[in-house]
Amino acid sequence: MSSIVVKSAIYGDMFGTADMRGLFADSTILGLYLDVETALARAQAKLGLIPENAAKAITEAADVDRIDMERLSARTQIVGYPILPLVEQLSNWAPDGLGQYCHWGATTQDIMDTADVLQVRAGLDIVEEYLERIAAALAKLAEAHAETPMAGRTHLQHALPVSFGFKAATWLSAIDRHLQRLKELRPRVEVVQFSGAAGTLASLSGNGLATQAALAEELGLGVPDITWHTIRDGLAEVTGFLALVTGTIGKIGYDIMLMMQTETGEVLEPFVAGRGASSTMPQKRNPISSEMMLASSKIVREQHSAMLDAMVQDHERATGQWHVEWHALPTAFIVASGGLAAAAEVLEGLEVRPDAMRKVLDTTRGLIVAEAVMMGLAPHIGRQVAHDVVYDCCRKALAGEATFLDALMEEKAISDTLDRGTVEALTKPENYLGEAPEMVRRLLLKRRG
């Protein structure tokens, strides 16, 4: 279903960005196959394994627009893989029979895996750009609202006050870790695959490892420690990374959706005329981008699950598990890009509403800072006694018998200990943000450092 949606003329731009979809288009992957084949020819010419004029002729002849797509498709259905049919065409394009030197000592999976790595590298570049945008937007929100009080919630109930900047900073901390993860995983993943039929490079008579290194240099990739034809942890790490990223994006989107509820309205997605409109309810402003952020997390997670399953491969060449990657890897990248694009759009233009946050804070008329009153009393009458006294006052306030402040002052154990001004200060949410503003500043300072 997901592959149908990402290719849809109706839904495609919601579930994936144009640049990421283009990266996984047929023309792009075929072009990358040709890039690997021509790079291999040049690398082998430098090593004297094939004539230099053959490498030049192969490179000049390789043009994705020359591919007979109908023939390629028909032959791929028979062969099961596109490389042999592609090499058949490429071999005939170069003049004077020089095309016969292409694909020298390689196997189908060498070309396909290396092209996949080139796609992954470019895909991760796109992901990184979005993560940087999101991080910048969150840092701006965190700094601007480090001391903007709002209701903190646990189990969807008011807990204690936090600041909106604190909430944004917690989101930011995860994005920063994703950027660090990306930096760390690239050297493990961005490596060439050139190992021959069974992974031993036997066909090149002692020149296999030199060819592998030369090909890697041509493509700007690393050299693997050993063949990874059926050792797929690298690609699974990529989808795991994308699943983590979209998991964070989904959490942010979920929070925004909850804060956008009519009864709260603490934040709003950027206004675009008609965005999130209803066919029957003109007042609606639905959180469409946040919904896509959440949806992307669920879809990408399933692709990673498939990639984990595809890791269990038999011997030196898989009997079907490899094919799972052909669906899961592109889908994960495309859908992740849709979620990331939605997140960047939302966070760069998020409408923060401090007045609404204050209104929500005041809903319980001070009860959200009952802990503050308890802790203010504790040094005078003991923590447990303070807890029980304040608990009784909370019950009175919840029953509507009095405001929380009045209920507190009616309690002799409190009024005999603290004056009204002190108690009133304890019931102000903005006075009980704890270390939240300092945590925000510390995070932002670390990022700048």
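Residues numbered from 1 in each chain as written. Predicted model: local features only at pLDDT ≥ 70, side-chain atom pairs only at ≥ 80, totals over all residues. Heavy atoms only, no water.

Colleague: Sorry if this is basic, but what is going on with the side chain of His229 here?
Modeller: Looking at where His229 falls in the secondary structure, it is placed in the loop between α10 (208-219) and α11 (233-259). The class for His229 is buried, based on a relative accessible area of 3%. Those residues within four positions of His229 in sequence are excluded, and the remaining contacts are Thr107, Gln109, Asp110, Asp113, Gln193, Ser195, Gly196, Gly199, Gln313, Glu316 and Arg317. (Helix = DSSP H or I, 4+ residues; strand = E, 2+ residues; numbered from the N terminus. Buried < 20%, exposed > 50% of the residue type's maximum accessible area, 1.4 Å probe, protein only. Contact = heavy atoms within 4.5 Å.)

Colleague: Is there a simple way to explain α10 in this structure?
Modeller: Along an α-helix, residues three or four apart share an orientation, since each turn contains 3.6 residues. Between the first and last C-alpha of α10 there are 17 Å, a value that for 12 residues agrees with the 16 Å anticipated at 1.5 Å per step. Turning to α10, its buried residues number three or more, namely Gly208, Thr211, Gln212, Ala214, Leu215, Ala216 and Leu219. Looking at the packing, one finds that the buried side of α10 touches α4 (26-46) and α8 (108-144). Backbone geometry just downstream of α10 places Gly220 in the positive-phi region, at approximately 70°. (Expected span 1.5 Å × (residues − 1).)

Colleague: Just checking my understanding: could you explain unusual backbone geometry for this structure?
Modeller: With the exception of glycine, most residues fall at negative phi, and the peptide bonds are largely trans. Of note in the backbone geometry, Leu156 takes a positive phi value of approximately 65° without being a glycine. Considering the arrangement of structural elements, one finds Leu156 in the loop between β1 (149-154) and β2 (157-163). Leu156 sits in the exposed class, given a relative accessible area of 66%. Look at Leu201: it is not a glycine, yet its phi comes out positive at around 60°. Mapped onto the secondary structure, Leu201 falls in the loop between α9 (164-189) and α10. Taking the relative accessible area as the measure of exposure, Leu201 reaches 10% and is therefore buried.

Colleague: Teacher, can you tell me more about the packing of helix α15 (residues 370-381) against helix α16 (residues 383-398) here?
Modeller: Between two packed helices, both the angle of their axes relative to each other and the distance between the axes serve to describe the pair. Where α15 meets α16, the axes come as close as 8 Å, and the angle between the chain directions of the two elements is 140°. On the basis of their axis angle, the class for α15 and α16 is oblique. Pair α15 / α16 crosses with right-handed handedness. Within the contact between the two elements, α15 uses Ala370, Val373, Met374, Leu377, Ala378 and Ile381 and α16 uses Arg383, Val385, Ala386, His387, Val390 and Cys394. Residue composition of the contact of α15 with α16, by class: 10 nonpolar, 1 polar and 1 charged. (Axes fitted to C-alpha atoms, helices over the stretch in contact; angles between N-to-C directions. Parallel < 35°, antiparallel > 145°, perpendicular 65-115°, else oblique. Left-handed = near helix turned anticlockwise from the far one by under 90°. Nonpolar A, V, L, I, M, F, W, Y, C, P; charged D, E, K, R; others polar.)

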